[in-house]
Amino acid sequence: MAMSLPHQIGAISGSPLAADAGGVSGEAPSSATVSAVWRAPVATNLRVSVQKTGMEMDRVSPSPPLSPARGGMRPDLSVAAQALMSAPVRGCADSEDGEEARAESAGRDVVSSVRRKCWGFLHTSASILMFSTWVLRSAEVGGDKAEVHVHIVYLFIGSGVGAGAGRIPLPKWAVEEIDKDPDLAYTDQWGRRNYEYLSLGCDTLPALKGRTPVQCYSDFMRAFRDTFEHLLGDTIVEIQVGMGPAGELRYPSYPEQDGIWKFPGIGAFQCYDKYMLSSLKAAAEAIGKPEWGSTGPTDAGHYNNWPEDTNFFRKEGGGWNTPYGEFFLSWYSQMLLDHGERILQSAKSVFENKGVKISIKIAGIHWHYGTRSHAPELTAGYYNTRFRDGYLPIAQMLARHGAVFNFTCIEMRDHEQPQDALCAPEKLVRQVALATQEAQVPLAGENALPRYDDYAHEQILQASALDIDGNSADREMCAFTYLRMNPDLFQPDNWRRFVAFVKKMKEGKDVHRCWEQVEREADHFVHVTQPLVQEAAVALMH
């Protein structure tokens, strides 16, 4: 089964750059990636974004492949990631004009850095983008006119993994603030600090040299808008706003760095910094249960436990299904939703009437999905259990702001994953599809792992068609991002399968064609373009 998406075929996104001065704090992007989109004037609907990093290894695990496997970051593909790298309030800490002067100085620094970094990135990437656009156009995926469209991804992370960005240190000015106040970082119950993203408990506190974390997000987005306003709505058509580790709206509950977490562990709650605990205390006192507000669950196991290893997550008599558990999980997930609401409000106000879509990425946490408690989803902030839909509130929040719900693990099948861990990516995707349908919010998808086989392609086609229980309700995914364009993709067999996959996407789910004919056409195209494809593979290795 094929699908009919907005008629845009993506080409390639730039590799995130490892910044010399570090990425940005949880309050400014550590990297931004772009995907060029090929758009034909024909009225059929299709879009496939193809992001290129070429540095991840294949692995069976949660959302995106995480660990660098070959090569290094390409220094020529610099990005807006360093927009807030220089101290944003330089010379303003003791200013008599206070916050107004700090904001003015920060704005100047951000705008200047955005111009330097982003223009360099767009210029050096242009030839690769246009070449990839031409290659996909030549595959006869539709139309004769090619236009480059850009999909911006803001990764508001620090030393996070999972976003194809490798390890990116926090900028000096942010680390200095965390050194002064370690509780700005997410903290688990053992006191381990996580530097992937600043604790959302301090979202509204002027903790970063007089600015709040949310103000830092806004400053960057506003500077980006002002610098590239002439491209918004024409060349730049979508902005995915990062909201947590790996750019996803979640807590850093399953950190892989330093071997802390390994798939398919349940992860751990991240609410033990003083700001999160202060909020928990206030919430408990508000319902007349002050004894519930002193700390988070202490019987929820360790990162690599399984649900039945713990008193909190076990199916029979587990704390998750008690009044206390319901209180805690409601508060924990609501804090995440409130964070998303703040950032979306900021993004909407910055880009309103600019002709760009705003999208948010949600993690595909499919392991232990078959258990009652859904422990890994709970520790990540998604209050989803066998008895409660945790994705509908997220979809409803995105619908209020007209944002796109971007979900991953679209290529996975249940039986491919460890069944002793009760993994169920297909069932999870179905639940998300139903939630977005009820909330009337557009759903986009990504594959979580690099896959080049027909089996994965067919699963993507089927999942993207949103044909739930044989009833598609005239609805499809609004976009699909293909990960990743790297040398492996241009291997002859992989390239032939990919071309056939793109052709099937173009056909649309309501168009019936013999797939053998599509594959014969793909074989012919691969044969005549083989020299160019080989050049592309070589270029991506350098």
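Residues numbered from 1 in each chain as written. Predicted model: local features only at pLDDT ≥ 70, side-chain atom pairs only at ≥ 80, totals over all residues. Heavy atoms only, no water.

Q: Help me out: how do you make sense of the packing of helix H4 (residues 274-286) against helix H5 (residues 323-351) in this one?
A: The angle between the axes and the distance between the axes are what describe a pair of packed helices. Contact geometry of H4 with H5 gives a least axis separation of 11 Å together with a crossing angle of 130°. The orientation of H4 with respect to H5, classified from their angle, is oblique. With respect to the hand of their crossing, H4 and H5 are arranged in right-handed fashion. Residues Met 276, Ser 279, Leu 280, Ala 283 and Ala 284 of H4 lie in contact with H5, whose contacting residues are Phe 327, Phe 328, Trp 331 and Met 335. Here the residues of the contact of H4 with H5 are counted per class, giving eight nonpolar, one polar and no charged. (Axes fitted to C-alpha atoms, helices over the stretch in contact; angles between N-to-C directions. Helix = DSSP H or I, 4+ residues; strand = E, 2+ residues; numbered from the N terminus. Parallel < 35°, antiparallel > 145°, perpendicular 65-115°, else oblique. Left-handed = near helix turned anticlockwise from the far one by under 90°. Contact = heavy atoms within 4.5 Å. Nonpolar A, V, L, I, M, F, W, Y, C, P; charged D, E, K, R; others polar.)

Q: Before we go on, may I ask you to explain the environment of Thr 385 in this structure?
A: Within the secondary structure, Thr 385 is located in the loop between helix H6 (375-380) and helix H7 (392-400). In this structure, the C-alpha to C-alpha distance between Thr 385 and Ala 375, residues 10 residues apart in sequence, is 8.2 Å. Beyond its immediate stretch of four places on either side in the chain, Thr 385 contacts Trp 320, Arg 372, Ser 373, His 374 and Leu 378.

Q: In this structure, what is going on with the UniProt feature "active site" (unreviewed entry) in the chain? I would like to understand it.
A: In this structure's numbering, the residues bearing the UniProt feature "active site" (unreviewed entry) are Glu 248 and Glu 446. Maximum C-alpha separation among the annotated residues is 12.6 Å over a sequence range of 199 residues, consistent with a single clustered spot. Residue placement: Glu 248 occurs in the loop between strand E7 (236-241) and H4. For Glu 248, a relative accessible area of 0% gives the class buried. Position of Glu 446 relative to the elements: it lies in strand E10 (residues 443-446). Beyond its immediate sequence surroundings of up to four residues, Glu 446 is in contact with Gln 240, Lys 361, Asn 406, Phe 407, Thr 408, Cys 409, Ile 410, Glu 411, Phe 480, Thr 481 and Leu 483. Among the polar contacts listed, one links the side chain of Glu 446 to the side chain of Asn 406, at a separation of 3.1 Å. (UniProt positions renumbered as here; feature names shortened; annotations may be inferred. Buried < 20%, exposed > 50% of the residue type's maximum accessible area, 1.4 Å probe, protein only. Polar contact = N/O pair within 3.5 Å; in protein donor to acceptor, adjacent residues only side chain to side chain.)

Q: Mind showing me how you'd approach the nonpolar core here?
A: Residues Ile 236, Phe 269, Phe 328, Phe 405 and Phe 407 are the most contacted members of the largest nonpolar core, which totals 113 residues. If sequence neighbours within four positions are ignored, Ile 236 has contacts with Val 150, Ile 152, Phe 224, Phe 228, Leu 231 and Val 356. Ala 174, Ile 178, Cys 202 and Leu 208 belong to the second largest nonpolar core, which has 11 residues in total. (Core = buried A, V, L, I, M, F, W, Y, C linked by side-chain atoms within 4.5 Å.)

Q: Please explain the packing of aromatic side chains as it appears in this structure.
A: The relative placement of two aromatic rings is captured by the distance of their centres and the angle of their planes. Taken as a whole and assessed by the stated rule, the structure comprises 31 aromatic pairs. With centroids separated by 5.0 Å and ring planes inclined at 90°, the aromatic side chains of Phe 312 and Phe 313 adopt a geometry described as edge-to-face. Residue Phe 312 is classed as buried on the basis of its relative accessible area of 1%. Owing to a relative accessible area of 1%, Phe 313 belongs among the buried residues under this scheme. (Phe/Tyr/Trp six-rings, centres within 6.5 Å; stacked < 30°, edge-to-face > 60°.)

Q: What is the right way to look at H4 in this model?
A: The periodicity of an α-helix, 3.6 residues per turn, causes residues three or four positions apart to be oriented the same way. With 13 residues, H4 extends 18 Å from end C-alpha to end C-alpha; this agrees with the ideal 18 Å at 1.5 Å per step. Looking at the buried residues of H4, the elements they touch are H5. At the N-terminal end of H4, a side-chain oxygen is found 3.0 Å from the backbone nitrogen of Tyr 275, two or three residues along, and the residue is Asp 273. Immediately beyond the C-terminal end of H4, within one or two residues, lies Gly 288, with a positive phi of roughly 75°. (Expected span 1.5 Å × (residues − 1).)

Q: Sorry if this is basic, but what is going on with the pairing of strand E8 (residues 357-362) here?
A: Regular strands place their side chains on alternate faces of the sheet. For E8, the tally of buried residues reaches five of six residues, placing the bulk of the element in the interior. Where E7 meets E8, three bridges bridge the pair, whose relative direction is parallel. Counted as the bridge partner of Glu 238 is Lys 357 from E8. In the sheet, E8 pairs with strand E9 (residues 404-407) via four bridges, with the strands oriented parallel. Considered in E9, the bridge of Ser 359 is made with Val 404. (Pairing = 2+ DSSP bridges.)

Q: Would you mind going over the pattern of salt bridges with me for this structure?
A: Two side chains of opposite charge can pair, provided their charged atoms sit close to one another. Within this structure, the stated rule accounts for 21 salt bridges. A salt bridge links Glu 229 to Lys 354, with the shortest nitrogen-to-oxygen separation between them at 2.2 Å. Here Glu 229 is found in the loop between helix H3 (213-227) and E7, whereas its partner Lys 354 is found in the loop between H5 and E8, with 125 residues between them in sequence. The closest approach of N and O atoms between Arg 372 and Glu 316, which form a salt bridge, is 3.3 Å. Separated by 56 residues along the polypeptide, Arg 372 in the loop between E8 and H6 and Glu 316 in the loop between H4 and H5 bring together distant segments of the chain. Exposure remark for Arg 372: the relative accessible area of 28% places this residue in the partly exposed category. Salt bridges linked by common partners bring Glu 176, Glu 177, Lys 180 and Lys 209 together as one network. (Salt bridge = Lys/Arg side-chain N within 4 Å of Asp/Glu carboxyl O.)

Q: What is the right way to look at the packing of helix H9 (residues 454-464) against helix H10 (residues 492-507) in this model?
A: Two elements in contact, H9 and H10, have axes separated by 10 Å at closest approach and are oriented at 15°. As judged from the angle between their axes, H9 and H10 are roughly parallel. When the axes of H9 and H10 are compared, the crossing they make is right-handed. Mapping the contact onto sequence places Asp 454, His 457, Glu 458, Ile 460 and Leu 461 in H9 and Arg 497, Phe 498, Phe 501, Lys 504 and Met 505 in H10. Considered class by class, the residues forming the contact of H9 with H10 number five nonpolar, one polar and four charged.

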